[in-house]
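Geometric and topological summary
Below, each chain spelled out in residue letters.
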Amino acid sequence: MVTQISQTQAVPLQTEAVREVVSYDPATGEELGRVPLGSAEDVARAVARAREAQKSWGTLSFRERGALVMRARAVVLEELEEIGALISREAGKPEAESLSMELVPTLDLMQFFARRSARLLKPETIDIGLYRFLGRSSKIVYRPLGVVGIISPWNFPWAIPLGEVVMALMAGNGVVLKPSELTPLVGLKIGEVFRRAGLPEGLLEVVTGDGSTGQALTEAGVDKIMFTGSVATGRRVAEAAARRLTPVVLELGGKDPMIVFEDADIEAASSAAVWGAFANSGQACASVERCYVHERVVEEFTARVVEKTRALRQQTGASEGTDVAAMSSERQLRIVEEHIREAVSRGARVLAGGARWKDAPERGTFHEPTVLAGVNHTMDVMREETFGPVLPLMSFKTEEEAVRLANDSQFGLTASVWTRDITRGRRVAERIEAGTVMVNEVLYTHGIAQTPWGGVKQSGLGRTHGRLGLLEMVAPQHIHVNRLARLHDAWWFGYTPEATRLFRSLARRFATGSALQTMLISPQLLRRLLDKRRRH
Ligand code: NDP
């Protein structure tokens, strides 16, 4: 079933034949609502509606589109508490994180793209070198793609799809969004916000469903797919897109390293490691999943990390003062348990946490924030994405070794380097294979609308956010103008012996890019142009 943006609440079943997705609160197991499970036909209808609505939307100015995004932003502000509570309940996270990690960054992103897209997508003149002297000029203009399909995960069910919706709309596209089956109500809320803001009917379609609905979207003939999720699903999406030659951006998993040098501010770095590993219960693609600490400070750093981890308050997301709340699903929780079990069976030591939270509500999916030592790169916890509240610590001796360990991974999303020596920080950052490397920071740059987000290696393809992300939402079109149209080109037909001689000179002189060299053959060139004009 397609849920149009006018449909805001979970939809009750109409007939037995309608398949549905049930949304649960992972902290309690309580049912939050039911939504239709979209079929391939529903997806096709949504794409057709978005395509129709895009025709006039694509002709609006950036100012007009931006005004609408700003109205949607005002709606978000009006409903800040309600939206924060919904995100917290459906994704299981502390309300503080719904505000700080989902709402604050997207409110900023909305104003940024609403105000800056015109400048970011301004037509650009290209310097075409010596061709300018032949009366030519070139420009790039950025055209909307048409309809962008967005397939998003459950871990940041608001911030990830909303950012992409805003960029796609500002670039003049229609959008079909397929939220995760674990967080469909948040996905529908995004549609509702834009409907209340007055977005044209059909321009943003939210189709709830499961993996089959996502698959249908990859096969529905959209003009681009923005996919965020696991490597395994990303590969399936890329295969389906390749069959239709649909361009695709893949924002996939991570196993992000944090390197702490001996001169780092250990107090700040240890707090950053604890937040970077356990915020959102460790379910962030950019979570700190591996921490390498210089041997001279590893003891002090570990002691502080353990102390700060034990001091975290674990409760349901709605409770006041919660630091760490639920994980999104039992499936994810089992991966965490398995990684810890495998590591411990091979010699790792649990310094804090290590098990499901024993005081959790009966059907709640909570895992304690866990610190591990004695780990190595043969263990899953150092190689595979854990995507849960686990912080493995390992020591190193030299800068070389730290870089080698950080790069010893199939992933390359983000990384962080901690040192008081910024020159060293930058030097090491440039040697790390990752889409983003932070010096003295962790995790948070997805929240900066101006900076690009995306990975290398198995962490994905393409970018979202910033100018590079906005460019993913447009088709660059090159417009080339010849102001001397009356002159025939020297390289057109009429391949006389003189012409062949001229082409040899072009190869030796014009193709050097040097104006001086080209001037030396200008009499030859002029003769050819005038001769061609005489012949026609
Ligand atoms: P999944 O890959 O399981 O799902 C992602 C989305 O794809 C969901 O909407 C899912 O639908 C949908 N989907 C499932 N099967 C298909 C299919 N065959 N074709 C098209 N779409 C499909 O990821 P998770 O939701 O479990 O998210 C966690 C993963 O996302 C982690 O690996 C994490 O690292 C990554 N991630 C990456 C980020 C980045 O920016 N690089 C940011 C956040 C997360 P449904 O849920 O309904 O099954």
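I will try to describe carefully the structure that is included in this document. (Residues numbered from 1 in each chain as written. Predicted model: local features only at pLDDT ≥ 70, side-chain atom pairs only at ≥ 80, totals over all residues. Heavy atoms only, no water.)

**Details of the overall build of the chain**
Here is the rule: Helix and strand definitions here come from DSSP, where helices need a minimum of 4 consecutive H or I residues and strands a minimum of 2 consecutive E residues; each element is numbered from the N-terminal end. Between buried and exposed lies partly exposed: a residue is buried under 20% and exposed over 50% of the maximum accessible area for its type, with that area taken using a 1.4 Å probe on protein chains only. Contacts between residues were defined by any pair of non-hydrogen atoms, one from each residue, lying within 4.5 Å.
Counting its regular elements, the chain contains 18 helices and 20 strands. Dimensions of the chain, computed from the C-alpha atoms along their principal axes, are close to 95 × 65 × 40 Å. A buried classification covers 54% of the 536 residues belonging to the chain. At a minimum sequence separation of 6, the contacts of the chain that also span at least 24 residues come to 73%.

**Structural notes on the nonpolar core**
This is how it is decided: Nonpolar core, defined: a set of buried Ala, Val, Leu, Ile, Met, Phe, Trp, Tyr and Cys residues in which side-chain atoms within 4.5 Å join the residues together.
Membership of the largest hydrophobic core comes to 52 residues, with the highest contact counts inside it found for Phe113, Trp158, Val166 and Phe194. Here this core takes eight residues from helix α4 (residues 95-120), the largest share from any one element. Setting aside residues no more than four positions away along its own chain, Phe194 makes contact with Leu68, Ala72, Met110, Leu162, Val165, Val166, Leu169, Leu199 and Leu204. By size, the runner-up hydrophobic cluster in this structure holds 35 residues, among which are Ala273, Cys285, Phe301 and Val442.

**Focus on empty space enclosed by the protein**
Test applied: Definitions used for this entry: grid spacing 1 Å over protein atoms alone; cavity, a set of points where a 1.4 Å probe fits but cannot get out; pocket, an open set with protein on both sides within 12 Å along at least 5 of 7 lines; lining residue, one with an atom within 4 Å of a point. Grid points are joined across faces, edges and corners, and a volume is the space filled by probe spheres set on the points. Gly falls in the polar group here, along with every residue not listed as nonpolar (Ala, Val, Leu, Ile, Met, Phe, Trp, Tyr, Cys, Pro) or charged (Asp, Glu, Lys, Arg).
Taken as a whole and assessed by the stated rule, the structure comprises four cavities of 30 Å³ or more. There is about 60 Å³ of room inside the largest cavity. Residue assignment for the lining of the largest cavity shows that the elements contributing at least two residues are β10 (256-260), α13 (399-407), β15 (411-412) and β16 (414-418). Across the lining of the largest cavity, the residue classes break down as seven nonpolar, four polar and four charged.

**Overview of the packing of helix α1 (residues 40-57) against helix α7 (residues 211-218)**
Note the threshold: Axis definition: a line fit to C-alpha positions, over the contact stretch in the case of helices; interaxial angles, taken between N-to-C directions, run 0 to 180 degrees. Geometric relationships in this document are graded by angle, where less than 35 degrees denotes roughly parallel, more than 145 denotes roughly antiparallel, 65 to 115 denotes roughly perpendicular, and other angles denote oblique. Each crossing gets its hand from how the near helix is turned against the far one by less than a right angle, where anticlockwise is left-handed and clockwise is right-handed.
In the contact formed by α1 and α7, the axes pass within 9 Å of each other and the chain directions differ by 45 degrees. Here α7 runs oblique to α1, going by the angle between their axes. The element α1 and its partner α7 pack so that their crossing is right-handed. Contact with α1, carried on its side by Ala40, Val43 and Val47, involves Thr213, Ala216 and Leu217 of α7 and no other residues of that element. Its residues placed into classes, the contact of α1 with α7 shows five nonpolar, one polar and no charged.

**A few points about the packing of aromatic side chains**
To be explicit about the condition: Note on ring pairs: Phe, Tyr and Trp rings are taken, using the six-membered ring of Trp, and paired if centres are within 6.5 Å. Classes follow the plane angle, with under 30 degrees stacked, over 60 edge-to-face and the rest tilted. In this scheme, Lys NZ or Arg CZ marks a charge over a ring once it lies within 6 Å of the ring centre and within 35 degrees of the ring normal.
Taken as a whole, this structure holds seven aromatic pairs when the rule is applied. Between Tyr131 and Phe510 the ring centres are 5.3 Å apart and the planes differ by 90 degrees, which places this aromatic pair in the edge-to-face class. On the criterion of sequence distance, the pair formed by Tyr131 in the loop between β3 (124-126) and β4 (136-144) and Phe510 in the loop between α16 (497-508) and α17 (515-520) is long-range, its members being 379 residues apart. Given the relative accessible area of 39%, Tyr131 is considered partly exposed. Assessed through its relative accessible area of 16%, Phe510 is described here as buried. Ring centres of Trp154 and Phe387 lie 5.5 Å apart, and the angle between their planes is 75 degrees; this geometry places the pair in the edge-to-face category. Note that Trp154 is positioned in the loop between β5 (147-151) and α5 (159-170) and Phe387 in the loop between α12 (380-383) and β14 (390-396), a separation of 233 residues in sequence. Exposure class is identical for Trp154 and Phe387. Each is buried. Among the aromatic side chains, those forming a connected cluster through ring pairs are Phe493, Tyr495 and Phe503. Here the guanidinium or amino end of Arg65 rests over the ring plane of Phe62, the centre of that ring lying 5.1 Å away. Directly above the ring of Phe261 sits Arg424, whose terminal nitrogen or CZ lies 3.9 Å from the centroid.

**What about the pairing of strand β8 (residues 224-228)?**
Stated precisely, the cut-off is as follows: Whether two strands pair comes down to DSSP finding at least two bridges between them. With strands facing away from the observer, any crossover in which the path from the first strand over the helix to the second runs clockwise is taken as right-handed.
Burial of β8 is extensive: five of the five residues sit out of reach of the surface. Covered by surrounding structure in β8 are Lys224, Met226 and Thr228 together with Ile225 and Phe227, the residues of both alternating faces. As judged from the four bridges shared by β5 and β8, these two strands associate in the parallel manner. Across the sheet, the residue bridging to Gly149 is Ile225, located in β8. As defined by bridge partners, β8 adjoins strand β9 (residues 248-251) across four bridges and the pair is classed as parallel. If you follow Met226 over to β9, its bridge partner there is Val249. Assessed by its sense of winding, the connection that carries the chain from β8 through helix α8 (residues 231-244) to β9 is right-handed.

**Quick notes on the site of the ligand**
Basically, it comes down to this: It suffices for a single heavy atom of a residue to lie within 4 Å of a molecule or strand for the residue to be listed as near it. In protein, a polar contact means a hydrogen-donor-capable atom and an acceptor-capable atom, both N or O and within 3.5 Å, with residues adjacent in sequence counting only if both atoms are side-chain atoms; elsewhere, any N or O pair within 3.5 Å suffices. To be clear on the numbers: accessible area is Shrake-Rupley with a 1.4 Å probe, and residue cover counts the displayed protein chains and nothing else.
In the region of the ligand, 31 residues are neighbours, and Ser152, Ser230, Leu252, Cys285 and Glu385 sit closest. The contact in question runs from an oxygen atom of the ligand to an N or O atom on the backbone of Gly211, over 3.4 Å. At a separation of 2.8 Å, an oxygen atom of the ligand approaches a polar side-chain atom of Thr233. Coverage of the ligand by the protein amounts to 92% of the 900 Å² it exposes when considered alone.

**A word on the sheet that holds strand β13 (residues 370-373)**
An order of β12-β13-β14-β11-β10-β16-β17 is seen for the seven strands of this open sheet, with the pairing classed as mixed. At either margin of the open sheet sits one strand with a lone partner, and together these are β12 (349-352) and β17 (436-439). Within the sheet, the average angular offset between the axes of one strand and its neighbour, ignoring direction, is 25 degrees. In this structure, β12 lies alongside β13, joined through three bridges in antiparallel fashion. Residue Ala352 lies in a different strand from β13, and its bridge partner there is Val371. Sitting on the sheet, helix α10 (residues 298-310) is in contact with β10, β11 (288-294), β12, β13 and β14, with an inclination near 60 degrees to β12.

As far as function goes, none of this settles anything; it's purely spatial.
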